[in-house]
Each structure stands twice: as C-alpha cells, then as structure tokens.
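A closer look at the structure
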Amino acid sequence: MVKRTRQKMAVFDLDGTLIDTAPDLIYSANEVIKDIINIDIDYEKSKKFIGRGGEYFINRNLIHSNIKLPQNKIDELIKEFLVIYENNISNRSKLYPGVTKLLSELHQRNFILNICTNKPEKLAKLVLKDFELIQYFDEIIGGDTLSQCKPNPLPLLKLMNDYNIKPSDTIMIGDTTTDILTAKNCSIKSICVDFGYFNEKIEGVDPDYWVSNYNQVIDIINEIF
C-alpha cells in the first residue's frame, strides 16, 4: 500500500550498520568448518566478508583458509551454516550505540523507514525482532526477497516505487561498498558508517558522507531534509 502522506525515506542496511552481527556470524562459520580445519577463522578478515549474503560469506572464508571443496560440499556447509546461525542469531551480537535514538527520532518525524539487506529476509526479521527494532520499519527487503539483491538497484527502486518517493527524498545508510554502490545505482545520497564491515575501496565509489556515530547521521539528515 502506497503511503503518500510521508515524503522522506531512510533505507538502512542491517549487518554492520544497525547491529554488530559479526560475533554470531563468525561463530556459526567456525562451527560448520571446525571439522575441516583445526583453527578458528581469522575474525577481523572474516568481518570483511559480511554483507553479500551467506553463500559469499562461507565461500570467502573457505578461500581465505585455503580450503578447496567440491561445490556440493560447499552447498551443504552453507545450509548447515544458515541453520546454526538462525539458532544463534542474537547470542553475541550487539546493537550499535545510538541506533534506537535515531530510529525513534525519524519515526516521530514521520519518515518512511525500510531495511535493505543481503541477509535472508527471515533471518533479518528474526534479529530485528530480537533487538526490538522491527516495529520501526515499514518494509524489510532481504537478499532473497526479490530476484536481485544489492548492489543491484532493484530493491531500492522497489522501495521508492512502493512509497512513491523520489531519489532526492531518499537516503541510504550502510557500512560497505555494496551499500554505496546500491545508492549510486539509484541516484540517491548515501551515508557510510565507519564502525561496520567496510570491505574494499573502489576508485570513484565514495559515499556522500562518512560518519563515526549516529548523532552525526541525525545532523546530516537535518541538513539534507
């Protein structure tokens, strides 16, 4: 249903942006490969693999650990990882400081708030419920919700179309190049937090704003809108 009374929209990534989910993701990855290697995966390096979905996350951890497996075995590990992660999704993860304050303020100001993540939709909703954030969001698009996921523009374009919102009235808040590219592919401004899982710098691909805390996000939104 199109909600025409609200004219501004903020779209948030989830992992590394609203919630530090790395501890539970990496714990679950260690659980699925512990029978293959006898050492834990590199925590800091593994964080950089977050944000492109579970398949990418597991594949990159295997490659980094110099593990070569047939595709059918990798597929089994990915399925096992998702099960383990679902059962441990909020055990070690933490909400970033200032998130609830920001969402509450934007909600009070009648912003349309949405999630655009490459996490499976079911898992995204589960962790948002666990951290009592789900009530702030109108729509949650996961990596498996549509035929394409970030950095393809389809998820953001759908959200703007659903709520009849122009690119100039939309902002994307994320933590990786994937989020920045998604915003650029839709001609909208982006804010990148520097405390998440930023993975790689691509020449010419920069956010409109870098921030170190959520008070800065509020200031930027006040400036833009």
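The following paragraphs examine the structure supplied in this document. Per chain, residues are indexed from 1 in the order of the written sequence. Residue-level local features of this predicted model are given only where pLDDT is at least 70; pairs of side-chain atoms are given and counted only at 80 or more, and the full residue set underlies all totals for whole chains, interfaces and linings. Side-chain numbers come from the whole structure's heavy atoms, not from hydrogens or water.

Side note on the sheet that holds strand 6 (residues 170-174)
A pair of strands is considered paired only if DSSP assigns at least 2 bridges between the two. Strands are runs of DSSP state E lasting at least 2 residues, helices are runs of H or I lasting at least 4, and numbering of each runs from the N terminus. Taken together, 6 strands build an open sheet; the order of strands is 5-4-1-6-7-8 and the sheet is parallel. Among the strands making up the open sheet, the edge pair consists of strand 5 (139-141) and strand 8 (209-211). The average undirected angle you get between the axes of adjacent strands in this sheet is 20 degrees. Where strand 6 lies against strand 7 (residues 189-193), 4 bridges are found, and the strand directions are parallel. Paired with M172 across the two strands is S190, which belongs to strand 7. Note on contacts: a residue pair qualifies if any of its non-hydrogen atoms lie within 4.5 Å across the two residues. Angular values range over 0 to 180 degrees, each being the angle between N-to-C directions of two axes fitted as lines to C-alpha atoms, with helices fitted over their stretch in contact. Of the strands in this sheet, strand 6, strand 7 and strand 8 are in contact with helix 9 (residues 214-224), which crosses strand 8 at around 150 degrees.

A word on the environment of V11
On the secondary structure map, V11 appears in strand 1 (residues 9-12). Of the residues examined, V11 reaches a relative accessible area of 0% and is grouped as buried. Along the sequence, V11 and G174 sit 163 residues apart, while their C-alpha atoms lie 8.6 Å from each other. Burial here depends on accessible area, computed with a 1.4 Å probe over protein chains only, as a share of the maximum for the residue type. Under 20% is buried, over 50% is exposed, and the range in between is partly exposed.

A look at unusual backbone geometry
Each neighbour pair has its own omega, and for K150 with P151 the value is 10 degrees, a cis peptide bond. Along the chain, P151 turns up in the loop between strand 5 and helix 7 (154-162). Phi at N66 is positive, roughly 60 degrees, even though this residue is not glycine. Structurally, N66 is set in the loop between helix 3 (54-64) and helix 4 (71-87).

Re the environment of F137
Note on placement: F137 falls in the loop between helix 6 (121-130) and strand 5. Each C-alpha atom, one on F137 and one on V11, is 9.3 Å from the other, the two residues being 126 residues apart in sequence. Residues in contact with F137, not counting those within four places in the same chain, are F12, L18, L103, L113, N114, I115 and L128.

Structural notes on the packing of aromatic side chains
Working definition: rings of Phe, Tyr and Trp (its six-membered ring) pair if their centres are within 6.5 Å, and the pair is stacked with planes under 30 degrees apart, edge-to-face with planes over 60 apart, and tilted otherwise. Under the definition given, this model contains 7 aromatic pairs. Judged by centre distance (5.2 Å) and plane angle (70 degrees), the rings of F198 and W210 are edge-to-face. One end of the pair, F198, is in the loop between strand 7 and strand 8; the other, W210, is in strand 8, with 12 residues separating them in the sequence. Residue W210 is classed as partly exposed on the basis of its relative accessible area of 43%. Through successive ring pairs, a cluster of aromatic residues spans F57, F81 and Y85.

Observations regarding helix 6
Every α-helix carries 3.6 residues per turn, so stepping three or four residues along brings you back to the same face. All of the buried residues along helix 6 are L123, A124, V127 and L128. Viewed along the axis of helix 6, the buried residues span an arc of 130 degrees, placing them on a single side of the element. Residues of helix 6 that are exposed and angled more than 90 degrees away from the buried face: K122 and K129. Tucked into the core, helix 6 has its buried residues touching strand 2 (19-20), helix 4, strand 4 (112-116) and strand 5. Just downstream of helix 6, E132 is the residue with a positive phi angle, here 55 degrees. Think of it as the arc spanned by the lines of direction from the helix axis to the C-beta atoms.

Shape is all these values report; function is a separate question.
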